[in-house]
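# Structural overview
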Amino acid sequence: MANLAHDAGEASVVPELRATMFPRSLSRIDRWILALFILVPIAAFAVPALLGHPALAGDNLIQNYPLRVLSGRQIASGHLPLWNPLAFSGFPLLGSMNAGSAFPATFLFAVLPDQVAWILNLSTAYSVAAIGMFFLALYLGLRRSAAVFAAVGFAFSGAMLGHMVHLGLIQGQALLPWAVLAMLVIEQRFRGRPSTAKFIPDLVNAGWPLLVLAGCVGLAALTGEPRALADLFVVVVVVGAWIVLRRGIGGLAARLRMLVALGLAGGLGAALSAVQILPGRAVVSYSQRSNLSAWFIGSGSLKPTWTALLAIPTILGGNGMLHQPRWFIEYNLAEVTGYVGLISLVAFFAAVGQLFGRERRRRLPPWVVLFVAMLVVSLILSWGAYTWAFHGILQIPIINRTRLQSRNLAIVDLALCILLAWFVDRLAARDLEGASLQGWRRWLTLSPLFVTLVLVVAGLAIPDRLASGLSAHSDVVGMERFLWPWFLAAGLLAVGLGMVLFFWKRLGPARAFRLLVAVCSLDLFVFVIGCTTGLVAGGTNQLPTRASAASIIGTQGRFALVDPTLANLDQFVDLGKPNTNVFTGIPSVQGYGSLIPTFYGTVTDAHTQDGLSSCALSTGRLRQLRLSAVAAGTNVLAPMTTDSKNPDLVLTPPSATPCPGAPEVATNDSRSFYFGQLLEVATLDLTSRTGHPSGTAPQVSLIDGTGHRLSAAPVATESSTGWTYNFTGAPRAGGVRVTTGGLAVSQAGSVIDRAGNIFSLDGDYQRAMGGKSWRLESTTSTYQVFRTTRPLVPKINLVHAARGSRVEWVHTSPRGADATELHLASAATIVRSVSYVPGWVATYSPVGGGAAVSVAVVQHDLVQSVNLPAGRWIVNFSYHPKGVRTGLVISGGAIAAFVAASVLLWLHGRRRVRAQEASTVVDEVQR
């Protein structure tokens, strides 16, 4: 702190661009700062992990971590991570992109323990972001203390911290300051070059920053996160337009040379990532994202009213710590988080104040205008579909193929943090006029604090009206009244910051700077406590084991977990919810990721997290996927419609949707209803198919949690619509079986427990699980597990084969490839129970040896098949996605070119240094 305070007292200077990308020599303080930027993130993730609470939550838990572990395992086995056999009945791994399989840091999972590799992946992202911002601020000529403000603000708050649960995104966003830095250095290297200058020497002169820019482009694409690449694209376009169009760069020839150089860097970056991009494009072409609507692209836009979160990040809830109400309206907290401190908003308005007025500052660094413009552009992009510019946004390449426009907040943060560094630098230089803290500009600069105080007063006095004004729905209004401690904290921070800035001159520069650091540190602490998602989230038993999952869902065939409302998220993670089934090795018909084959997703409805088509279950169409076990949540089997503790709360009961082709549930005059949990049953109401009772009441018996009949005998009476059964003693049951008269009972019905809660027996999943194809296996407090009663479809099934044809053996590798021996008495269709996607190939050769013959793998409903002639064959199925070989060649060549260029530039720099040293010696001798 003392060193930073001393730095704050340096003589006044006007920030200017440095001549080199990095300081030629780092001071001892600089080295300590860089060391802290590396060690602090490692400690922040390692210590909780050692205590049994790894940073695993949200998408990191069910997607990013397990898929990187799977990629690492396949790399360690000496294979490219091409196929995931555990999700969606088999799905591309590299091509799905969410795994980041080709990102360099993912290779750590091949050589290190999983959690160690995970900690290094997370911590590296934050270290890269902090160091990049630190060097960018130094390059812009700002003081060390100002650079620290920028680095801490960008890396350890805002979108970078909010999106901790999206590893691929923060890995890409961490590269943004490096890309800006590289482009500014490129501009400086080309500036002032004569029109007659040769291009190659200029290119060599700008070699290192061009390679850095190429590396940023390549790494952003290799993250597998489209939004990371889109954010980098926006930054490159904005900065590129500024450096090419600004004055002083030279004539048209100089601008064209710079554009060509930037294009070469971008091209090299694209080539570096070809191994990821080409297979990814192939998967997108047959996924649900091949045809994107404008609604879909704009569905993740930030509501303009939510820009208030840049002033008070917990204005609509937070992460739930310290009894704080969680983010209580649609969307989620990570997607709307962009807060980098109240002082950053002050800095923005201070910069804007310098752009207007008769006495506006002539010595204002031109790059300040760049970052003001960048902020405005990125904020408009964040609003997306809520702005008049959205139709124009849809015409921008890359941007028009990605959704979640709110993730442009990372660029807003980048611009705010650089403006913050500029503002702090002016304060440290005792230049209050340059910091817009004198005259009329003072009030513009401090205006965000006044707005924040108005929001605080509204949040304390009329929280319901404030929430409604910020587009909170009426069904959640009421939670905001519990946010008063956080409003109070925001008000105190605004007052404290305002007093420090308003009385800066009276306090004295050194004391004022220390107070500023204290207030901003407290601001950061409050943000971390209230808005961090995923820093300390996991538990020692969070990741499932094969033994625990197998004891409940078994190991034969594939499984499904049905709970679209995610009421049983934690319990289903324990079962190996995709993609945590990487740790159990038990495959699923479902998955979690941004891509899914269109046809497979339409039929199975498995793209929705824990979703599954009830019609596909009812018709038996999922048999071809070897579905053997289904865990269904309470809310999808028997949701509560009346809560005895809150009888005024209206809960809409489910309604069954038509399912053409589904067999009749009641068979042999019987059928079953399941409660989804163990209930103390007081009353059961069944509805007649005709709408009124007729004949003898159907006989019913309760069943326990494993499907066995209980001895409880009810008293049956007729009701206006059917029959009512009252049970003495309220026995605990997991369901009811209608033993006779099942055909007379409709889908509708309800059960009342001892406490008076009413649960509906109507719904699609009752129909799906109530037939003869499924039996109840077990019941917990929140879900029931069912096993199929029908034999599983073989992994390799023979269709239209003559008698005597048989499968001798089948071997499946951990990567999903099959080898099998077949004896075919006639030509036959070989159906393989693996989901169909383009890229699978098959070869067959005679048993005992012979030339292998390729055969086309075609779609067979949800799975794949080949047609083979009669004979005894060894058949091999392997996956070779489109574009992967081309991508490997291009990326390999690009890596070789990148390394060669680096070596040549290093040698060129060494020769230049030696020449300068020799020239210096000659000069000294002559003197």
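Presented here is an overview of the structure given in this document. What you see is a predicted model, and the numbers here were worked out from it, not measured in a lab. (Residues numbered from 1 in each chain as written. Predicted model: local features only at pLDDT ≥ 70, side-chain atom pairs only at ≥ 80, totals over all residues. Heavy atoms only, no water.)

Moving on, we get to the pattern of salt bridges. For the structure shown, the criterion picks out 16 salt bridges. Arg-754 is the salt-bridge partner of Glu-680, the closest N and O atoms lying 3.3 Å from each other. Remark: Arg-754 occurs in the loop between strand 11 (745-753) and strand 12 (758-760) and Glu-680 occurs in strand 6 (residues 671-688); sequence separation between them is 74 residues. Accessibility expressed as a relative area gives 32% for Glu-680, which makes it partly exposed. Each of Arg-143, Asp-425, Arg-426 and Asp-431 takes part in salt bridges that share partners, so that together they form one network. (Salt bridge = Lys/Arg side-chain N within 4 Å of Asp/Glu carboxyl O. Helix = DSSP H or I, 4+ residues; strand = E, 2+ residues; numbered from the N terminus. Buried < 20%, exposed > 50% of the residue type's maximum accessible area, 1.4 Å probe, protein only.)

Tallied over the entire structure, the rule returns 24 aromatic pairs. Taking the centre distance of 5.2 Å and the plane angle of 80° together, the rings of Phe-348 and Phe-349 count as edge-to-face. Phe-348 sits in the buried class, given a relative accessible area of 13%. An aromatic cluster is built from Phe-37, Phe-134, Phe-135, Phe-156 and Trp-178, whose rings are joined through pairwise contacts. Looking at Arg-403, its charged tip hangs above the ring of Phe-296, at a distance of 5.0 Å from the centre. The side chain of Arg-832 reaches across the aromatic face of Trp-840, ending 4.3 Å from its centre. (Phe/Tyr/Trp six-rings, centres within 6.5 Å; stacked < 30°, edge-to-face > 60°. Lys NZ or Arg CZ within 6 Å of the ring centre and 35° of its normal.)

As a further point, take the sheet that holds strand 14 (residues 783-788). Ordered by their spatial adjacency, four strands build an open sheet running 3-4-14-13, and the pairing between neighbours is mixed. A single partner strand is all that each edge strand has here, and the edge strands are strand 3 (558-562) and strand 13 (774-779). Strand-to-strand twist in this sheet, taken as the mean axis angle between neighbours without regard to direction, amounts to 25°. Bridge analysis of strand 4 (residues 627-633) against strand 14 gives five bridges, and the strand direction is antiparallel. By the bridge assignment, Ala-629 is partnered in strand 14 with Arg-787. (Pairing = 2+ DSSP bridges. Axes fitted to C-alpha atoms, helices over the stretch in contact; angles between N-to-C directions.)

Attention now goes to the nonpolar core. If you look at the biggest cluster of nonpolar residues, it comprises 176 residues, and the most contacted ones within it are Phe-134, Leu-184, Ile-315, Phe-371, Phe-423, Leu-501 and Leu-516. Setting aside anything within four residues of it in sequence, one finds Phe-371 in contact with Leu-140, Val-180, Ala-415, Ile-418 and Leu-419. Met-97, Leu-622, Leu-776 and Leu-824 belong to the second-largest nonpolar core, a separate cluster that totals 62 residues. (Core = buried A, V, L, I, M, F, W, Y, C linked by side-chain atoms within 4.5 Å. Contact = heavy atoms within 4.5 Å.)

Turning our attention to the environment of Asn-726. With respect to the element layout, Asn-726 can be found in strand 9 (residues 722-726). Among all residues touching Asn-726, those that are not within four sequence positions of it are Ala-682, Thr-683, Pro-714 and Val-715. A polar contact of 3.1 Å, which involves the side chain of Asn-726, links it to the side chain of Thr-683. (Polar contact = N/O pair within 3.5 Å; in protein donor to acceptor, adjacent residues only side chain to side chain.)

Two faces, one strand: in a regular strand the side chains alternate between the faces of the sheet. Note that strand 16 (residues 806-812) and strand 17 (residues 818-824) share six bridges and pair antiparallel. Bridge pairing links Trp-809 to Glu-821 in strand 17. Hairpin connection from strand 16 to strand 17: five residues lie between these consecutive antiparallel strands, with Gly-816 at a positive phi of about 95°.

Moving on to the packing of helix 10 (residues 207-222) against helix 12 (residues 252-272). It is at 7 Å that the axes of helix 10 and helix 12 come closest, and there the two elements cross at 35°. Crossing geometry of helix 10 relative to helix 12 is assigned as right-handed. Side by side, helix 10 and helix 12 meet where Leu-210, Leu-211, Leu-213, Ala-214, Val-217, Gly-218 and Leu-222 of the first sit next to Ala-261, Leu-262, Ala-265, Gly-266, Leu-268, Gly-269, Ala-270 and Leu-272 of the second. Taken together, the residues of the contact of helix 10 with helix 12 break down into twelve nonpolar, three polar and no charged. (Left-handed = near helix turned anticlockwise from the far one by under 90°. Nonpolar A, V, L, I, M, F, W, Y, C, P; charged D, E, K, R; others polar.)

Before going further, it helps to examine the pairing of strand 13. Sheet topology note: the strand 13/strand 14 ladder contains five bridges and is antiparallel. Its bridge partner being in strand 14, Arg-775 is matched across the sheet by Arg-787. Counting the residues in the hairpin turn of strand 13 and strand 14 gives three residues.

Time to look at the side chain of Gln-405. Inspection of the secondary structure assignment puts Gln-405 in the loop between helix 18 (390-393) and helix 19 (409-428). At a separation of 3.0 Å, a polar atom in the side chain of Gln-405 contacts the main-chain carbonyl oxygen of Thr-402.

Let's shift gears to the packing of helix 11 (residues 226-245) against helix 12. In a packed pair of helices, the relevant descriptors are the angle between the two axes and the axis-to-axis distance. Their axes nearest at 9 Å, the elements helix 11 and helix 12 cross at an angle of 155°. Between helix 11 and helix 12, the angle falls in the class roughly antiparallel. Handedness of the crossing formed by helix 11 with helix 12: right-handed. Residues Ile-243, Val-244 and Leu-245 of helix 11 lie in contact with helix 12, whose contacting residues are Arg-255, Met-258, Leu-259 and Leu-262. Of the residues in the contact of helix 11 with helix 12, the class split is six nonpolar, no polar and one charged. (Parallel < 35°, antiparallel > 145°, perpendicular 65-115°, else oblique.)

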